Amino acid sequence: MGFIYRSAFIIGITLLVPVIIKYLTAKSKEDDTVVYTVKMRGNMMKVLTIMTMICTPLGVMAAVAFFSYLPLKDWENMCYTAVVIFVSIADFCMWKHYKENKIVVLNDKKIKVIKGRKSDTLSRNRITYRKINSSKIHLYYKDKKMFTVTRQFDNFENLERWLKNSESEESHITQ
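Since we're looking at a predicted model, the values are computed, not measured. (Residues numbered from 1 in each chain as written. Predicted model: local features only at pLDDT ≥ 70, side-chain atom pairs only at ≥ 80, totals over all residues. Heavy atoms only, no water.)

Draft legend 1. Summary view of the sheet that holds strand β5 (residues 127-133). Strands sit in the order β5-β6-β7 across an open sheet of 3 strands; the sheet is antiparallel. Both outer strands of the open sheet, β5 and β7 (144-150), are each paired with one neighbouring strand and no more. Recorded for the sheet is a direction-independent mean angle of 25 degrees between the axes of neighbouring strands. Pairing between strand β6 (residues 136-141) and β7: 6 bridges, direction antiparallel. Counterpart to Ile 137 in the pairing with β7 is Val 149. (Pairing = 2+ DSSP bridges. Helix = DSSP H or I, 4+ residues; strand = E, 2+ residues; numbered from the N terminus. Axes fitted to C-alpha atoms, helices over the stretch in contact; angles between N-to-C directions.)

Draft legend 2. Region of interest: the packing of aromatic side chains. Applying the stated criterion across every chain, the model contains 3 aromatic pairs. Between Tyr 98 and Phe 153, the ring centres sit 5.9 Å apart and the planes meet at 70 degrees, which makes this aromatic pair edge-to-face. Highlighted residues: Tyr 98 in helix α3 (residues 75-100) and Phe 153 in the loop between β7 and α4 (156-174), separated in sequence by 55 residues. Take Tyr 98: its relative accessible area is 21%, and that puts it in the partly exposed class. (Phe/Tyr/Trp six-rings, centres within 6.5 Å; stacked < 30°, edge-to-face > 60°. Buried < 20%, exposed > 50% of the residue type's maximum accessible area, 1.4 Å probe, protein only.)

Draft legend 3. Up close: the pattern of salt bridges. If you walk through the whole model with that rule in mind, you get 3 salt bridges. Between Arg 41 and Asp 154 there is a salt bridge; the shortest N-O distance is 3.0 Å. With Arg 41 in the loop between β1 (36-39) and α2 (42-69) and Asp 154 in the loop between β7 and α4, the pair connects residues that are 113 residues apart, well separated along the chain. Overall, the relative accessible area of 26% leaves Arg 41 in the partly exposed class. Between Glu 160 and Lys 131 there is a salt bridge, with the nearest N and O atoms lying 2.3 Å from each other. With Glu 160 in helix α4 and Lys 131 in strand β5, the pair connects residues that are 29 residues apart, well separated along the chain. (Salt bridge = Lys/Arg side-chain N within 4 Å of Asp/Glu carboxyl O.)

Note that every value here comes from positions in space, so none of it alone points to a role or purpose.
So, in structure tokens, the structure goes:
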């Protein structure tokens, strides 16, 4: 029986390694520019998913309890259940936001932003950014804030380098 498990493990690893290598060294189809996927780190998303799976049922039960305490006017328990409801809603919103927030850097001229099922290809020269600190960047498109990217995102450094290259090219063009 152990032979079957070892064989399945070896076959699984053999099939998984090329997929991982292909993901890490992905190239675009048009030319040899590297495609970077900027998204929330996998381990952080696992923690958020587990928290959401725990907090959502607790929030539903707290909502039911909140309305059962309402006729009794039990203010103390209503406050506790309201906090649980608020935490579960905040956790769900955070999970939903980070699950759908994904940026794909296509090439030197454009960036593709995917949010859920919508995707937009944005011109590089219209994207501006403001670096808040060493681990947070606000991205703007036509002076309208799109979203914030932090170091919790995969390929944060590559996106930061891409934005700096964009800024340096614009300064060369204006000179």
